[in-house]
Amino acid sequence: MTEFKTAPPSGPRRRMVMTAGAAAIAALMGLTACGGDTGPAQTPAPENSIAVGEYPDYYPADYKDVVAAAEKEGGELTIYSNTDQENWDPVLRDFKKKYPFVTKISANNLDSDEVFQKALSEKATGGSAADIFVSNAAGAWADFAARDGMLADYTSPELGKLPTFAALLPGVVAMSADPQTIAYNTTLLEEKPESLKGLAEQIKANPADFENMIGVRDTTGAFGFTMFYNLTESHPEAWDSLATILSASRPETSSGTLSEKVLAGEYKAGVLVTAAPAFPVVKNSNGLFDIVLPTDGTVVIPRGLGVSADAPHPATAKLFQDFVISEEGQQAVLEGGLSSYREGVESVQFALTYQDVVSKVGEENVIMAPYETVPADKVKAFTDRWQSLLK
């Protein structure tokens, strides 16, 4: 089993909303698909063959009892998540193929921390309606999982076939492993920014041309903090590049906002932008917008999934967790635009596997964010240094 490099925490994300100006630019550009420059995956999603009623030989002999129990639960499942519907669609479609008795799945799209706030509030007033929790808020997950009575004590039979980082916390598995990128406007940036250092060098060469023309993920939010804290902890030399980048930057609260403003030309580049919400913009921009994986440090933030201790449909929830990290489920995860990490998944257009990321930047430059809380003194030291570099 491969053990991947790690370095520390927290996390949010929001869906992309295109302004009228950005939409008009995209319309003028023709909205024809381009291939992007972010990896080898340039083929449509393959048909995901689902083996109904069949399970790997490493599953326990009594797994059929879990399936039988799920059949008696009414065919429903409720998911509290921070994940867009377009990401969910192939996963939910194929889970229903695997288990035809499941007919109703509700998967909402909350803010990263709101997933847990909602569950805790409901718990305090009588119990949550959630069967499954999904979020990439690493620090919030660490706090939530440490609380008594929030997560089911369940270990998936699939975990033994996955890289060690798949087990994020007791009861929490990685649904995906999503890389953070540099987004850029191809008509405004003279050179493709292959790295943070390369972007910083462009800014140094023409500082007046870059003033307030770089968007950067705001580190006062948990997800932005997770990105940059892990980057600088693992690769301290990144501070040299960030000193130049931040001098030309304005902070933004989401990857969607960064993508929108780069597409519209308000920014020449955005740092750091989650690949999943950026790929649809790449696809529809006719080459105006693209993303790259920084070769001097690509942060990967897992998207955690856990079963609620109070799940109204506990057996169905266990089946769902097992499915999402199975070979069949990971193929559906990738088709939905998130980054699958299981070996053997076929690459598709406008999506990246974890293996694609490693191949592009090298394993030594992949920074896997762990699900841990950061001590207060380290948070303050990072925040003080970051704020001193913003103008």
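Residues numbered from 1 in each chain as written. Predicted model: local features only at pLDDT ≥ 70, side-chain atom pairs only at ≥ 80, totals over all residues. Heavy atoms only, no water.

For the pair helix 8 (residues 222-234) and helix 9 (residues 238-247), interaxial distance at closest approach is 8 Å and the crossing angle is 135°. For the element pair helix 8 / helix 9, the angle class is oblique. Side by side, helix 8 and helix 9 meet where Phe-228, Leu-231 and Thr-232 of the first sit next to Ala-238, Trp-239 and Leu-242 of the second. (Axes fitted to C-alpha atoms, helices over the stretch in contact; angles between N-to-C directions. Helix = DSSP H or I, 4+ residues; strand = E, 2+ residues; numbered from the N terminus. Parallel < 35°, antiparallel > 145°, perpendicular 65-115°, else oblique. Contact = heavy atoms within 4.5 Å.)

Burial along strand 6 (residues 214-217) is two-sided: the residues Ile-214 and Val-216 and Gly-215 and Arg-217 are all buried. The pairing of strand 6 with strand 7 (residues 249-252) spans four bridges and is classified as parallel. The partner of Gly-215 across the bridge, within strand 7, is Arg-250. (Buried < 20%, exposed > 50% of the residue type's maximum accessible area, 1.4 Å probe, protein only. Pairing = 2+ DSSP bridges.)

What follows concerns empty space enclosed by the protein. This model, assessed by the stated rule, comprises two cavities of 30 Å³ or more. In this structure, the second largest cavity spans a volume of roughly 30 Å³. Contributing to the lining of the second largest cavity are Ala-119, Lys-123, Ser-128, Phe-133, Gly-149, Met-150, Ser-308, Ala-309 and Asp-310. (1 Å grid on protein atoms, 1.4 Å probe; cavity = no way out; pocket = protein on both sides within 12 Å on 5 of 7 lines; lining within 4 Å. Points joined across faces, edges and corners; volume = space filled by probe spheres on them.)

Atom-level detail of predicted coordinates should not be read off regions where pLDDT is low. Taken residue by residue, the protein gives an average pLDDT of 88. The fraction at 70 or more is 88%. When pLDDT is averaged over each element of the protein, helix 12 (residues 314-324) comes out on top at 98 and helix 1 (residues 20-28) at the bottom at 38. Confidence drops under a pLDDT of 50 for residues 1-42, and excluding neighbours within four residues, the segment shows 134 contacts in the predicted structure. (pLDDT = per-residue confidence, 0-100.)

Here we take up the pairing of strand 2 (residues 104-107). The two faces of strand 2 differ: Ile-105 and Ala-107 on one face are buried, but Lys-104 and Ser-106 on the other face are not. For strand 1 (residues 76-81) and strand 2, the ladder comprises four bridges, and the chain directions are parallel. By the bridge assignment, Glu-76 is partnered in strand 2 with Lys-104. Taking the sense of rotation as the criterion, the β-α-β connection linking strand 1, helix 3 (residues 85-98) and strand 2 turns out right-handed. (Right-handed = clockwise from strand over helix to strand, strands pointing away.)

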